[in-house]
Amino acid sequence: MHKNENVTEIRKTIVLNAPIEKAWKAVSTSEGIAAWWMPNTFEPVLGHEFILHAGPFGDSPCTVTELDPPHRLGFDWGKDWHLAFELKKLEENKTEFTLIHSGWDAEKVTEFGQPHSVVRGIMDGGWESIIKEKLPTYIEA
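Residues numbered from 1 in each chain as written. Predicted model: local features only at pLDDT ≥ 70, side-chain atom pairs only at ≥ 80, totals over all residues. Heavy atoms only, no water.

### A look at the packing of aromatic side chains
Right, so step 1: Counted under the stated rule, the structure contains eleven aromatic pairs.
Right, so step 2: Measuring from centroid to centroid gives 4.9 Å for W77 and W81, while their planes differ by 65°, and the two rings are edge-to-face. The two residues W77 and W81 agree in class, both being buried.
Right, so step 3: Centre to centre, the rings of W81 and W104 are 4.9 Å apart; their planes meet at 50°, and the pair counts as tilted. One end of the pair, W81, is in strand 5 (residues 81–91); the other, W104, is in the loop between strand 6 (94–102) and helix 3 (116–140), and 23 residues separate them in sequence. Here W81 and W104 have matching classes, each one buried.
Right, so step 4: Taken together, the aromatic side chains of W36, W37, F42, F50, F75, W77, W81, F85, F97, W104 and W127 make up a single cluster linked through ring pairs. (Phe/Tyr/Trp six-rings, centres within 6.5 Å; stacked < 30°, edge-to-face > 60°. Buried < 20%, exposed > 50% of the residue type's maximum accessible area, 1.4 Å probe, protein only. Helix = DSSP H or I, 4+ residues; strand = E, 2+ residues; numbered from the N terminus.)

### Here we look at the environment of A23
Right, so step 1: Its location among the elements puts A23 in helix 1 (residues 20–28).
Right, so step 2: For A23, a relative accessible area of 0% gives the class buried.
Right, so step 3: Every residue in contact with A23, bar those within four places of it in the chain, is listed here: L16, L87, T95 and I139. (Contact = heavy atoms within 4.5 Å.)

Here you go:
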């Protein structure tokens, strides 16, 4: 019997030169998320269903599942994934931000028919530049 293997979550952590309130606004508002990631109909309301406009991949349905301002926000993305943003105040103008992208499964394919293991590799690289370049550039501008 083949054991169902979960592919490890993607984790990206960065220290932002911004107060936690400013960082929170960037990751918990529709305009903020659109500025560093992708257009969306997000609202910071538990249970809110929204859409991520993922360009060539079409629209992904999402649901807000966790909301603990200004420390944690989580939502289900598409049929399998969960995304969480964690913020931790280090000092007045420094905030640690962690992105956790979970829900990977070696035996599953995405809505677009690609194996999770393949997509995870692509996403891991994508998140690397989004979290380490786009997000800080937007927040610290």
